[in-house]
Amino acid sequence: MDAIKIAKEVFEIESKTILDLCNSLNENFSNAVELILSIKGRCVVSGMGKSGHIGAKIAATLASTGTPSFFMHPGEALHGDLGMLTSEDVLLAISNSGETEEVLKLIPVVKKRKIPLIVIAGNQNSTLAKQADIFINIAVKKEACPLQLAPTSSTTATLATGDAIAVALMKARKFKPDDFALFHPGGSLGKKLLTRVGDLMVSSNLPIVHPDSEFNELVDVMTSGKLGLCIVLENEKLVGIITDGDLRRALRANDKPRFDFKAKEIMSENPKTIEASAMASEAEELMLKHKIKEIVVTQDEKIVGIIQLYTIGNV
């Protein structure tokens, strides 16, 4: 058995399925997005079996990207969980065949309560499709399963459609990284997006020198500061920065190391700065863009600290 060959065949079949979805998109997709945007309640997702597993992921993606949503198991819904639905919600029902018994049994109650119904299915002539207020067709030409039994291409198509809905809603809501962070405070990305520069900067015992400071003073200040750098100030104004790398390069600039240079001769002028109120993610982006490891922090045009790249990385 050539497992790699089989994997490539699966990838080719499923990628073709995704591309076919592009050609089948119509105004129903736009109408579904607009409907979800218009409701005051939640987007409740339901599906059975593999469709249910995909539905749970879609609900989780929607909830984490600005659209209140949760997954409702149709079997449990038939035994009381339908009370989760309110008249301000929309039901997003998933069934590849469009004939899933447990999902179909939800429809009379949904219709009686006048709850809008969006259906994602692979059969436009199915019972579920005909009951839908908005129907999104995810019919696939071929499953990746060699027996054409296990849902493979069809679940990929469903998942991609759910992702497309979520992304369209994010764009419409102008969902920003800060919003994402509010819903992911426990993750490293959330912490980084919620943390401000002022929370991470070093603000005490700052290694400050004058442009005319000489080699010995630079070494002493850099050593005592324990940041591997010196901030060069003149009349309390930032004029440069010296890193330990600058110091080493200055010593190696000649055949014989020289120790008579001053700060202004080796400093990097116009160093990057960032406000203490800025997000840590902004500082990280700035450092990566300019390939530097530290930024001087300001507040009301005064030097208040230093933030370093590794500190943000440890958040």
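Residues numbered from 1 in each chain as written. Predicted model: local features only at pLDDT ≥ 70, side-chain atom pairs only at ≥ 80, totals over all residues. Heavy atoms only, no water.

## Digging into the overall build of the protein chain
A tally of regular secondary structure across the protein chain gives 16 helices and 12 strands. Rg of the C-alpha trace for the protein chain: 29 Å, well past the compact-globule value of 20 Å for 315 residues, more than 25% over. Along the first, second and third principal axes, the C-alpha atoms of the protein chain reach 85 × 50 × 30 Å. In the protein chain, of all internal contacts separated by at least 6 residues, the share reaching a separation of at least 24 is 62%. Charge centroids of the protein chain, computed over 36 positive and 39 negative side chains, lie 4 Å from each other. (Helix = DSSP H or I, 4+ residues; strand = E, 2+ residues; numbered from the N terminus. Rg over C-alpha atoms; globule rule 2.2 N^0.38 Å. Contact = heavy atoms within 4.5 Å. Lys, Arg positive; Asp, Glu negative; His and termini not counted. Charge placed at Lys NZ, Arg CZ, Asp CG, Glu CD.)

## Overview of the side chain of threonine 243
When you line up the elements, threonine 243 lands in strand E8 (residues 237-243). Setting aside its immediate chain neighbours within four residues, threonine 243 contacts Met222, Gly228, Leu229, Arg249 and Glu294.

## Overview of the sheet that holds strand E10 (residues 273-275)
Pairing in this open sheet of three strands is mixed, and the strands run E10-E11-E12 from one edge to the other. With one partner strand each, in any of the chains shown, E10 and strand E12 (302-308) form the two edges of the open sheet. Geometrically, the sheet is characterised by an average inter-axis angle of 40 degrees between neighbouring strands, direction not taken into account. Sheet topology places E10 next to strand E11 (residues 294-299); three bridges connect them, and they run parallel. (Pairing = 2+ DSSP bridges. Axes fitted to C-alpha atoms, helices over the stretch in contact; angles between N-to-C directions.)

## A look at the packing of helix H2 (residues 27-38) against helix H8 (residues 153-173)
Two elements in contact, H2 and H8, have axes whose closest approach is 10 Å; the angle formed by their N-to-C orientations is 55 degrees. Viewed along their axes, H2 and H8 adopt a mutual orientation that is oblique. Where H2 crosses over H8, the handedness of that crossing is right-handed. Between H2, through Phe29, Val33, Ile36 and Leu37, and H8, the contact on the second element is made entirely by Thr161, Ala164, Ile165, Ala168, Leu169, Ala172 and Arg173. (Parallel < 35°, antiparallel > 145°, perpendicular 65-115°, else oblique. Left-handed = near helix turned anticlockwise from the far one by under 90°.)

## Quick notes on the UniProt feature "site: Catalytically relevant" (unreviewed entry) in the protein chain
Feature annotation in UniProt places "site: Catalytically relevant" (unreviewed entry) on Lys50, Glu102, Glu143 and His184, given in this structure's numbering. By the element assignment, glutamate 143 lies in the loop between strand E5 (134-137) and H8. The buried category is assigned to glutamate 143, whose relative accessible area is 10%. Leaving out residues up to four positions away in the same chain, glutamate 143 has contacts with Ile13, Asn96, Gln148, Ala150, Pro151, Thr152, Ser153 and Ser154. (UniProt positions renumbered as here; feature names shortened; annotations may be inferred. Buried < 20%, exposed > 50% of the residue type's maximum accessible area, 1.4 Å probe, protein only.)

## Description of the environment of isoleucine 303
Mapped onto the elements of the fold, isoleucine 303 is located in strand E12. Linking isoleucine 303 and lysine 237, residues 66 residues apart in sequence, is a C-alpha distance of 8.2 Å. Apart from the residues within four sequence positions on either side, isoleucine 303 is in contact with Ile231, Leu233, Leu238, Val296, Val297 and Thr298.

## Regarding helix H1 (residues 3-24)
Under the 1.5 Å per step criterion, the end-to-end length of H1 is 32 Å for 22 residues, consistent within 8% with the ideal 32 Å. For H1, the complete set of buried residues consists of Ile13, Glu14, Thr17 and Leu21. Along the axis of H1, the buried positions cluster into a sector of 90 degrees, meaning they face one direction only. Of the residues in H1, the exposed ones pointing more than 90 degrees away from the buried face are Ile4, Lys5, Lys8, Phe11, Glu12, Leu19, Cys22 and Asn23. Contacts from the buried residues of H1 go to E5 and H8. (Expected span 1.5 Å × (residues − 1). Arc of directions from axis to C-beta.)

## Some words on the environment of leucine 229
Here leucine 229 lies in strand E7 (residues 229-234). Taking relative accessible area as the criterion, leucine 229 reaches 0% and is therefore assigned buried. For the pair leucine 229 and valine 219, spaced 10 residues apart in sequence, the C-alpha to C-alpha distance is 9.3 Å. Sequence-distant contacts of leucine 229, defined by excluding residues within four places in its chain, comprise Pro207, Met222, Ile241, Ile242, Thr243, Glu294, Ile306 and Gln308.

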